[in-house]
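Residue-level structural notes
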Amino acid sequence: VAWVGDCVRGRPEEFSTRECANVLWALARVQHADEPAFRALGECSVPKLLDWPGRDLANAMWAFWAAQVEGGRQFVAAGEEALEASGFHRLDDQHLVAISGIMSRWRSARPAACAQLAVEARRRLAAPAEASEGAVRPGRAAHADP
């Protein structure tokens, strides 16, 4: 696993959003909190978070939360800001739930983002599954692959 961190630290800007999210998720999943790798990917990713597909953003935010690395809260806050600016409708149901869990566990300091998330969740719960406009149901792609 250490070689992955070495590769990331050498050229983080060459990774696509999907690759960044997958590497972060994998490192967190195997409990390998390689802080320099997380920092490198986080620093080159934050300016582009508005362009990240919802699934990748949710997975990266989860990875920073799960790894509990320094700078993790800042990355999650930047992700919340990006979602607040572009809308939580970008997320499929699974990732909407994951983000809400992260935001509640870390006591999000962004009340507007929390409010938007709650409105989106209520909208989806109130709409019939097949008629829910804008909501992406599990099993359907939320976006095109980058």
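Read on for a plain summary of the structure. The numbering scheme is per chain: residues are counted from 1 as the chain's sequence reads. With pLDDT at 70 or above as the cut-off, local features in this predicted model cover only qualifying residues; side-chain atom pairs require 80 or more to be listed or tallied, and sums for whole chains, interfaces and linings still use all residues. Side-chain calculation: all heavy atoms of the structure are included, whereas hydrogens and water are not.

So, about the overall build of the chain. Every helix listed is a DSSP run of H or I at least four residues long, and every strand listed is a run of E at least two residues long, numbered separately from the N terminus. The secondary structure content of the chain amounts to 7 helices and 0 strands. Taken from the N to the C terminus, the helices and strands of the chain come in the order α-α-α-α-α-α-α. Out of the 146 residues in the chain, the part that is buried amounts to 46%. A separation of at least 24 residues holds for 69% of the contacts in the chain among residues at least 6 apart in sequence. To measure how exposed things are, a 1.4 Å probe is used in the Shrake-Rupley method; for residues, cover is taken only from the protein chains shown. Counting only carbon and sulfur atoms, one obtains 54% of the accessible surface of the chain, whose full area is about 7800 Å². Summary of the burial criterion: residues with accessible area below 20% of their type's maximum are buried, those above 50% are exposed, and those between are partly exposed, where the area comes from a 1.4 Å probe applied to protein chains only. By definition, residues are in contact when any of their heavy atoms lie within 4.5 Å.

Between helix α6 (residues 93-105) and helix α7 (residues 111-126), whose axes approach to 11 Å, the crossing angle comes to 145°. As α6 packs across α7, the resulting crossing turns out to be left-handed. Residues D93, L96, I99, S100 and M103 of α6 pack against A113, C114, L117, E120, A121 and R124 of α7. Along the lines of polarity and charge, the residues of the contact of α6 with α7 split into 7 nonpolar, 1 polar and 3 charged. Every angle, taken between N-to-C directions, lies between 0 and 180 degrees, and every axis is a line fitted to C-alpha atoms, over only the stretch in contact when it is a helix. For any pair of crossing helices, the crossing counts as left-handed if the nearer helix is rotated counterclockwise from the farther one by less than a right angle, and right-handed if it is rotated clockwise. Following the grouping adopted for this structure description, the nonpolar residues are Ala, Val, Leu, Ile, Met, Phe, Trp, Tyr, Cys and Pro, the charged ones are Asp, Glu, Lys and Arg, and the polar ones are all others, Gly among them.

Bringing the state of the cysteines into the picture now. The rule for a disulfide is simple: a pair of cysteine sulfur atoms within 2.5 Å. Under the counting rule described, the total for this entry stands at 0 disulfides. Looking at the unpaired C20, the closest cysteine sulfur is the one in C44, lying at 4.9 Å. Taking relative accessible area as the criterion, C44 reaches 18% and is therefore assigned buried.

Formed by 35 residues in total, the largest nonpolar core has its most connected members in F38, M61, F88 and I99. Elements supplying a minimum of two residues to this core: α2 (17-29), α3 (35-45), α4 (54-67), α5 (72-86), α6 and α7. Looking at which element gives the most residues to this core, the answer is α4, with 8 residues. Sequence-distant contacts of M61, that is, excluding residues within four places in its chain, are made with F75, V76, G79, E80, L83, I99 and I102. Here, nonpolar core refers to any group of buried Ala, Val, Leu, Ile, Met, Phe, Trp, Tyr and Cys residues whose side-chain atoms link them within 4.5 Å.

Attention now goes to α7. Take the residue count of a helix, subtract one, and multiply by 1.5 Å to get its expected span. If you check α7, its first and last C-alpha atoms are 22 Å apart, about what 16 residues at 1.5 Å a residue would give, namely 22 Å. The complete set of buried residues in α7 reads A113, L117, E120 and R124. Take α7 and look down its axis: the buried residues cluster within an arc of 65°, on one side only. Those residues of α7 that are exposed and angled more than 90 degrees off the buried face are P111, R122, L125 and A126. On its buried face, α7 sits against α5 and α6. When we speak of the arc, we mean the arc of directions from the helix axis to the C-beta atoms.

Along the chain, A112 turns up in helix α7. The exposure class of A112 is partly exposed, given its relative accessible area of 39%. Along the sequence, A112 and E84 sit 28 residues apart, while their C-alpha atoms lie 7.3 Å from each other.

Geometry only, nothing functional implied.
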